[in-house]
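# Working through the structure, step by step
In case you want the letters, here they are:
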Amino acid sequence: MARGKLRIYLGAAPGVGKTYAMLSEAHRRVERGTDCVVALVEHHDRPRTEVMLRGLEQVPRRELEYRGGVFPEMDLDAVLARAPRVALVDELAHTNVPGSRNAKRWQDVEELLAAGIDVVSTVNIQHLESLGDVVESITGVRQQETVPDEVVRRADQVELVDMSPEALRRRMAHGNIYQPDKVDAALSNYFRPGNLTALRELALLWVADRVDAHLTRYRSEHRVSRIWGSRERIVVGLTGGPEGRTLIRRAARLAEKGAGGEVLAVYIARSDGLTSASPKELALQRTLAEDLGGTFHHVVGDDIPAALLSFARGVNATQIVLGSSRRKTWQYVFGPGVGATVARESGPDLDVHIVTHDEVAKGRGLPVARGARLGRSRRVWGWITGVAGPPVLTALLSTVDLGLANDMLLFLALTVAAALLGGLLPALASAAVGSLLLNYFYTPPLHRWTIADPKNIVAIVIFVAVGAAVASVVDLAARRTHQAARLRAESEILSFLAGNVLRGETGLEELLERVRETFGMESAALLERESDVAPWTCAGRVGQGRPVERPDQADVDMPVGDHMALALTGRVLPAEDRRVLAAFAAQAAVVLDRRRLREEADRARALAEGNRIRTALLAAVSHDLRTPLAGIKAAVSSLRSEDVEWSEEDRAELLEGIEEGADRLDHLVGNLLDMSRLQTGTVTPLIREIDLDEVAPMALGGVPEGSVELDVPESLPMVEVDPGLLERAMANLVENAVKYGPPDVPVLVAASALADRVEVRVADRGPGVPDTAKERIFEPFQRYGDAPRGAGVGLGLAVARGFAEAMGGTLNAEDTPGGGLTMVLTLRAAGTRPDVLPLAEPERQVS
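First, a word on scope: everything that follows refers to the structure included in this document. The structure presented is a predicted model; accordingly, all values stated were derived computationally and were not measured.

### Remarks on the sheet that holds strand β7 (residues 118-124)
Strand order across the open sheet formed by 6 strands is β3-β2-β6-β7-β1-β8, with parallel pairing between neighbours. The sheet terminates laterally at β3 (57-58) and β8 (157-161), the two strands that pair on one side only. As judged from the 6 bridges shared by strand β1 (residues 6-11) and β7, these two strands associate in the parallel manner. Bridging across to β7, Arg-7 finds its partner in Val-120.

Now the structure itself:
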């Protein structure tokens, strides 16, 4: 069956006319012959809306009782049975009365859609789940009824029902929205002009964003490459140079001139990864673009103009902002440049702005060679080869005549060797010294600084040029190697952080230690404060350096938000290391937040468990404890009555009832106290070695004689237990087995040794427990099956398992062969744990 379609009328506030518009559409559909019914519409006693219900079929509502009242709700089953083509369901975010099939009305709508029924519904912008905080900050009212945004976004149609704040307030004043006695309060509170204007803007922006997403999807599905100028989108082309910030600010000013303008900063990187762009400058430009409300994009492409135009058309941009070329005049012989190419190929639907800046025609320039990247020893040998090598080679060649061509090749080889060893400067020195020696010793006229043959001049010039070119290539390769190694190290660090984010493994101290080791610092600390004027506090610290109380006391500080900073001591980091440090700082803040959320969750879980225990205790006190008290009081009152003369048999029976009630009350109170000790972790077992046959008989004192068959061999090894806890645990197990077992079949209590453990099995022939409930019966306040309330508060097995685990044992449930339930209590045999003393340390507590 095809899924139904959902149409939603979205409004900014109550009273704008959503329900009226929905009913108007219903009348139009009915006139066209569509099977349309009113599943649920709330007219709120508005006369005009109530009139619109006439002529439409309405499905009778279902009435539910809740807290002494009767509430009408949509009858989902009746609507599904009616199976109309279209169903009208008002107030999509409504919370159903307890007892309904679904908690929310939008869940009812999902069932109707799944059944192939089209639904028309209404919702206000303040009921969208993601806008709850925003609406509360505007109106001061927290919306309790919300609907997930995705439900509304998945709607096939969303129509905005709009009304100006002034018109809506007039409707309110005329009594067309609320009852007259509520009008003044509404106008002075929720329906203030500022509130309505802000809510209206939220609704308009939300719908505009949805329309934009639909437009993008339509263009993609229909492969529309032509730009549709529905709104101003300005693409800023960045090169990584310092002029990028000027271009971003200029684009932001252009975007402000048109409503809904959007700035998209894009950096085109070559696919080989070799780029002269400064990572630090790109990071600053990314931050600036985001601060101005834009977005930053990183695109890979070898043809920069084509990649930039493809990106602009893909995002449906209307303008491109580029900076004037930094190339010098002579460099235009190699081509017109990116700006001119983009302007020529942009077409009539894409405007290109060329913005001037301070770096125009200054040239891009090559990065300055840094010999340190080659290593000190290589630089030393490079200078030795470049300066001392040519004279040594001249002395060697003076003994043999190889000709000018061979001599020049040898000097060129020496220059290449200097370049390979020391980089650019030693190679230039070798070329300069070699060219002078070639001119003086080997170029006619000999031993003079002049050159007679012009061909030799060309040869020497080529020699110097080749030497410089080779040196430049070697220096560039060295810089790229250093850059690649650094990027590889950064990627390894960032992948480590990303893995920790996904796995959630790293704690705060471990992460700070990783920061300290990575950057070779003495100490690392995460500082935070509650406000701008509050003192700094240390959330975590590692290392042996001097303590840092404020970020300005550290050698390196990396802010994380407004009130948190990562502080390092030891040395000053270079600027290129701060990008990776920023990633560490952000992850440290995330780890701290995760730890605090986990602590809050643990506290909330403990509070919830405590509330559950307290609620169950109250229930136990209200019934299970009052029942034996009532029996005792009734028996005592009867015995004290002077109006009735009791026989000895009656008096004995009443006294027996008092005794049974007191024993039962003592048992219940004991279990409640034991459970509270287990819940609060104050059980302190005194472990010692004891024979099991000394404890087992004492555990049978609370059951009738003959109801238990005991089988505990004397050959069993001693066990390491707390005798008191073991007696209570076994007593609860035996009483539970006798309670649920048939009266004519005794419960079997058998013990056996198994390796380093001793097992005590309490088997009954009762109805048994299915596998799905075997763990649930050990939870507090659980009674299995139809056990009456008078059978106890459901703590016996929970206390038994708690005591067993406190002594280092286990308690599990198994099926009894032939029918019934067997409780298996496993204890540690004596002598199997080397650290056991006759009595355990008193301060050791087990929870």
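The discussion continues.
### Quick notes on the packing of aromatic side chains
Overall, the coordinates contain 0 aromatic pairs when judged by the stated rule. Over the face of the ring belonging to Phe-778 we find Arg-801, whose NZ or CZ atom lies 3.9 Å from the ring centre.

### A look at the pairing of strand β9 (residues 233-238)
Most of β9 is tucked away, with 6 of its 6 residues classed as buried. Residues of β9 alternate between two faces, with Arg-233, Val-235 and Gly-237 on one and Ile-234, Val-236 and Leu-238 on the opposite face, all of them buried. By the bridge criterion, 6 bridges tie β9 to strand β10 (residues 262-269) in an arrangement that is parallel. In the strand pairing of β10, Val-236 is matched with Ala-265. Both β9 and strand β12 (residues 319-323) contribute to a ladder of 3 bridges, which runs parallel.

### Points about a positive patch on the surface
A contiguous patch of positive charge, built from Arg-249, Arg-250, Arg-253 and Lys-257, is present on the exposed surface. Relative to the elements of secondary structure, Arg-253 occurs in helix α10 (residues 244-256). Under the relative-accessibility criterion, Arg-253 is labelled partly exposed at 45%.

### Focus: a nonpolar patch on the surface
A contiguous nonpolar surface patch, about 370 Å² in accessible area, is contributed by Val-380, Trp-381, Ile-384 and Leu-421. The biggest single contributor to the nonpolar patch is helix α14 (residues 376-397), with 3 residues.

### Here's the deal with the packing of helix α22 (residues 723-740) against helix α23 (residues 796-806)
At their nearest, the axes of α22 and α23 sit 9 Å apart, and the two run at 150 degrees to each other. Between α22 and α23 the crossing geometry is left-handed. Across the interface between the two elements, Leu-725, Arg-728, Ala-729, Asn-732, Leu-733 and Asn-736 of α22 pack against Gly-796, Leu-797, Val-799, Ala-800 and Phe-803 of α23. Residues belonging to the contact of α22 with α23 are distributed by class as follows: 7 nonpolar, 3 polar and 1 charged.

### Looking at the pairing of strand β16 (residues 556-559)
Burial of the side chains of β16 is restricted to one face: Val-556 and Met-558 are buried, whereas none of Asp-557 and Pro-559 on the reverse face is. For β16 and strand β17 (residues 564-569), the ladder comprises 4 bridges, and the chain directions are antiparallel. For Val-556, the partnering residue across the bridge sits in β17 and is Leu-568. Between β16 and β17, which pair antiparallel in sequence order, lie 4 residues; one of them, Gly-561, sits at a positive phi of approximately 75 degrees.

### A word on the side chain of Asp-722
Tracing the backbone shows Asp-722 in the loop between β20 (719-721) and α22. Within the structure, Asp-722 has its side chain in polar contact with the backbone nitrogen of Leu-686 (distance 2.7 Å).

### Notes on a negative patch on the surface
Together, Glu-648, Glu-649, Asp-650, Glu-653, Glu-656, Glu-659, Glu-660, Asp-663 and Asp-666 make up a region of like negative charge exposed at the surface. Examined against the element boundaries, Glu-653 turns out to sit in helix α20 (residues 648-680).

### Some words on the sheet that holds strand β23 (residues 810-815)
What the 5 strands build is an open sheet, ordered β19-β21-β22-β24-β23; its pairing is mixed. The outermost strands of the open sheet, each flanked by one partner alone, are β19 (708-711) and β23. Between one strand and the next, the sheet's axes are offset by a mean angle of 20 degrees, whatever the strand orientation. The pairing of strand β21 (residues 747-754) with strand β22 (residues 757-763) spans 7 bridges and is antiparallel. Note that in β22 the partner of Leu-754 across the bridge is Arg-757. Against the sheet, α22 contacts β19, β21, β22, β23 and β24 (821-828), and its axis sits at roughly 170 degrees relative to β24. The strands touched by α23 are β23 and β24; relative to β23, the strand with the most contacts, the crossing angle is about 130 degrees.

### So, the environment of Gly-237
Its location among the elements puts Gly-237 in strand β9. Of the residues examined, Gly-237 reaches a relative accessible area of 9% and is grouped as buried. On a C-alpha basis, the gap between Gly-237 and Ile-248 in space is 9.0 Å, while along the polypeptide they are 11 residues apart. Excluding anything up to four places from it in sequence, Gly-237 contacts Leu-247, Val-266, Leu-308, Val-321 and Leu-322.

### A word on the pattern of salt bridges
According to the stated counting rule, one finds 23 salt bridges in the structure shown. Taking the shortest distance from any N to any O, the salt bridge between Arg-596 and Glu-528 comes out at 2.1 Å. Residue Arg-596 is located in helix α19 (residues 578-640), and its partner Glu-528 is located in strand β14 (residues 523-528); the two are separated by 68 residues in the primary sequence. Taking relative accessible area as the criterion, Glu-528 reaches 14% and is therefore assigned buried. Put simply, Glu-814 and Arg-761 hold a salt bridge, and the shortest N to O gap is 3.1 Å. Of the two residues, Glu-814 sits in strand β23 while Arg-761 sits in strand β22, which places them 53 residues apart along the sequence. Of the residues examined, Arg-761 reaches a relative accessible area of 29% and is grouped as partly exposed. Residues joined in a network through salt bridges with shared partners are Arg-7, Glu-25, Arg-29 and Glu-159.

Thresholds applied
Residues numbered from 1 in each chain as written. Predicted model: local features only at pLDDT ≥ 70, side-chain atom pairs only at ≥ 80, totals over all residues. Heavy atoms only, no water. Pairing = 2+ DSSP bridges. Helix = DSSP H or I, 4+ residues; strand = E, 2+ residues; numbered from the N terminus. Phe/Tyr/Trp six-rings, centres within 6.5 Å; stacked < 30°, edge-to-face > 60°. Lys NZ or Arg CZ within 6 Å of the ring centre and 35° of its normal. Buried < 20%, exposed > 50% of the residue type's maximum accessible area, 1.4 Å probe, protein only. Patch = residues over 30% accessible without salt bridge, like charges linked within 9 Å, V, L, I, M, F, W, Y side chains within 5 Å. Areas by Shrake-Rupley, 256 points an atom, 1.4 Å probe, with all protein chains shown as cover. Salt bridge = Lys/Arg side-chain N within 4 Å of Asp/Glu carboxyl O. Lys, Arg positive; Asp, Glu negative; His and termini not counted. Charge placed at Lys NZ, Arg CZ, Asp CG, Glu CD. Axes fitted to C-alpha atoms, helices over the stretch in contact; angles between N-to-C directions. Left-handed = near helix turned anticlockwise from the far one by under 90°. Contact = heavy atoms within 4.5 Å. Nonpolar A, V, L, I, M, F, W, Y, C, P; charged D, E, K, R; others polar. Polar contact = N/O pair within 3.5 Å; in protein donor to acceptor, adjacent residues only side chain to side chain.

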